[in-house]
Amino acid sequence: MNVVGVDVGATKIAAGVISPEGKVLGSARYPTAKTPEKLLSGIVRAVSDARDGFAVEGVCVAVPGLLLSQDSMVVYSPNLHAIEGIRLKDELEPKIKLPLTIENDNSAAAWGEFRFGAGRGTNHLVFVGLGTGIGGGIVIHGQLLRGAQGAGGELGHVTIQAAGPRCACGNRGCLEAFASGTAIGRRAREVAGERPNSVLGRLAAEREVLGEDVTRLAREGDEVALAVLKEVGRWLGIGLAGFVNVFNPEVVVVGGGAMGDGELMLESAREEIQVRARPPGRDLVEVKEATLGPDSGVIGAAALAKDHSGAYLL
Ligand SMILES: [Zn+2]
């Protein structure tokens, strides 16, 4: 039977009907409203539009931010404050009228890659999502690691340099402050200042340089942009090496919109893992790009939908 996966992002709500094979059968998208009431009605509408004409057994809504599972409540969501403090299951389930599961968005992306993507066939997977920030999800012994309250798996907020740049979370030197899309942009602006005659430097004289500029220039073969991505890839690898030591995963899957020229970053990340992680884990682990692409959010969420007894529906 089919289920609905919903990916609530800072700018859009995407809902999709997903078949037992992980295929998207129908979908709907709405812009994310910034007030709690409109946000909730947007989710309900997206589910209703997506499922129109399909037999569906359950729904999972994947939400950004730190989750308190027992209350199905996001306690902190830096890019979507409107979702904070709402008992999502209590509010939404009576309106959706299907068994409803609430999960963290990066946990859902991890689960989607584990079931249907780059981690298919493994039992131990670490997922890192590079976007504006860095999200994480961990599958161990075929189960999603949630921690005592549901807020576990925040791999972006591991400190990798005590006195490093300020992170969006308030801490200093988090992995997110070194290897997210935001960090790529920041490092590029520094480099542009140091090398005013480079393409990046000339671009910076016209307007603010962003992470995506670096990716684009790197694709065109610009040496300075390539060097920035390699450097960011090394920081990513420093974080990943720690995760390899801690979780001993078979596969580390890296996804998210800021991946850009993924292989280039992953190459330097793999080199750091070889230097910093310990055998036998470093010899086993494969570092791969995520394969579910733009549908990863809805597919991952759908794969976590449960029935009233708590059993997964897909
Ligand atoms: Zn942080």
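On a predicted model such as this, the values are computed, not experimentally measured, just so you know. (Residues numbered from 1 in each chain as written. Predicted model: local features only at pLDDT ≥ 70, side-chain atom pairs only at ≥ 80, totals over all residues. Heavy atoms only, no water.)

J.: With reference to specific residues and values, describe the environment of Gly85.
T.: Within the secondary structure, Gly85 sits in the loop between β6 (73-76) and α2 (88-96). Residues Gly85 and Pro36, spaced 49 residues apart in sequence, show a C-alpha to C-alpha distance of 9.5 Å. Setting aside its immediate chain neighbours within four residues, Gly85 contacts Met73 and Val74. (Helix = DSSP H or I, 4+ residues; strand = E, 2+ residues; numbered from the N terminus. Contact = heavy atoms within 4.5 Å.)

J.: A description of the layout of surface pockets should follow, citing residues and the corresponding values.
T.: Quantified by volume, the second largest pocket comes out at close to 160 Å³. Taken together, Pro165, Ala177, Phe178, Ala183, Arg186, Arg187, Glu190, Glu231, Val232 and Trp235 make up the full set of residues lining the second largest pocket. Among the secondary structure elements, those contributing two or more residues to the lining of the second largest pocket are α4 (176-179), α5 (181-194) and α8 (223-247). Top element by residues in the lining of the second largest pocket is α5. It accounts for 4 residues. (1 Å grid on protein atoms, 1.4 Å probe; cavity = no way out; pocket = protein on both sides within 12 Å on 5 of 7 lines; lining within 4 Å. Points joined across faces, edges and corners; volume = space filled by probe spheres on them.)

J.: Tell me about the sheet that holds strand β12 (residues 286-289), and please be specific about residues and values.
T.: Ordered in space as β10-β9-β8-β11-β12, the 5 strands form an open sheet in which the pairing is mixed. Of all strands in the sheet, those with a lone pairing partner are β10 (143-144) and β12, marking the two edges. Strand direction decides the pairing type here: strand β8 (residues 125-130) and strand β9 (residues 134-140), joined by 6 bridges, are antiparallel. Residue pairing for β9: Phe127 is matched across the bridge by Gly137. This element, helix α3 (residues 105-116), spans β8, β9, β10 and β11 (251-255) of the sheet and lies at about 50° to β9. Contacts from helix α9 (residues 262-276) reach β8, β11 and β12 within the one sheet, and its direction differs from that of β12 by about 165°. (Pairing = 2+ DSSP bridges. Axes fitted to C-alpha atoms, helices over the stretch in contact; angles between N-to-C directions.)

J.: Break down the packing of aromatic side chains for me, with residues and values.
T.: Applying the stated criterion across every chain, the model contains 3 aromatic pairs. Between the aromatic rings of Trp111 and Phe114, the centroid separation amounts to 4.9 Å while the plane-to-plane angle is 45°, which identifies the pairing as tilted. With a gap of 3 residues between them, Trp111 and Phe114 both fall in helix α3, about one helical turn apart. Each member of the pair, Trp111 together with Phe114, is buried. Looking at Arg45, its charged tip hangs above the ring of Tyr30, at a distance of 4.2 Å from the centre. (Phe/Tyr/Trp six-rings, centres within 6.5 Å; stacked < 30°, edge-to-face > 60°. Buried < 20%, exposed > 50% of the residue type's maximum accessible area, 1.4 Å probe, protein only. Lys NZ or Arg CZ within 6 Å of the ring centre and 35° of its normal.)

J.: Break down the confidence of the model for the chain for me, citing the residues and quoting the values.
T.: Per-residue confidence for the chain gives a mean pLDDT of 95; residues scoring 70 or more make up 99%. When pLDDT is averaged over each element of the chain, helix α10 (residues 281-284) comes out on top at 98 and helix α7 (residues 211-219) at the bottom at 90. (pLDDT = per-residue confidence, 0-100.)

J.: Which residues make up the coordination of the zinc ion, and what values go with them?
T.: Distances from the zinc ion to its protein donors, His157 (ND1), Cys167 (SG), Cys169 (SG) and Cys174 (SG), fall at 2.0 to 2.3 Å. Bound by 4 donor atoms, the zinc ion shows angles of 107 to 119° at the metal and therefore tetrahedral coordination geometry. The sequence pattern formed by the donor residues of the zinc ion is H-x9-C-x1-C-x4-C. Classification of Cys174 as buried rests on a relative accessible area of 0%. (Donors = N, O, S within 2.8 Å, 3.2 Å for Na, K, Ca; no water. Tetrahedral: all angles 85-135°; square planar, octahedral: opposite > 155°, others 65-115°.)

J.: I'd like to hear about the packing of α3 against helix α11 (residues 296-303), residue by residue, with values.
T.: Viewed as axis vectors pointing N to C, α3 and α11 meet at an angle of 80°, and their least axial separation amounts to 7 Å. The orientation of α3 relative to α11 falls into the category roughly perpendicular. In this structure, α3 contributes Ala108, Trp111, Gly112, Glu113, Arg115 and Phe116 to the contact, and α11 contributes Ser296, Ile299, Gly300, Ala301 and Ala303. Partitioned by chemical class, the residues of the contact of α3 with α11 number 6 nonpolar, 3 polar and 2 charged. (Parallel < 35°, antiparallel > 145°, perpendicular 65-115°, else oblique. Nonpolar A, V, L, I, M, F, W, Y, C, P; charged D, E, K, R; others polar.)

J.: Run through the side chain of Thr101, naming residues and quoting values.
T.: Take Thr101: it is sitting in strand β7 (residues 100-104). Residue Thr101 is classed as buried on the basis of its relative accessible area of 8%. A polar atom in the side chain of Thr101 sits 3.1 Å from the backbone nitrogen of Lys306. (Polar contact = N/O pair within 3.5 Å; in protein donor to acceptor, adjacent residues only side chain to side chain.)

J.: Before we move on, can you summarise the sheet that holds β7 with the specific residues and values?
T.: Read across the open sheet, the 5 strands follow the order β3-β2-β1-β4-β7; overall the sheet is mixed. Every interior strand has two partners, whereas the edge strands, β3 (24-31) and β7, have only one. Each adjacent strand pair in this sheet contributes to an overall mean axis angle of 20°, direction not counted. The pairing of strand β1 (residues 2-8) with strand β2 (residues 12-18) spans 6 bridges and is classified as antiparallel. What sits directly across from Gly5, in β2, is Gly16. Those strands touched by helix α1 (residues 36-51) are β1, β2, β3 and β4 (56-63), and its axis lies near 30° from that of β2.

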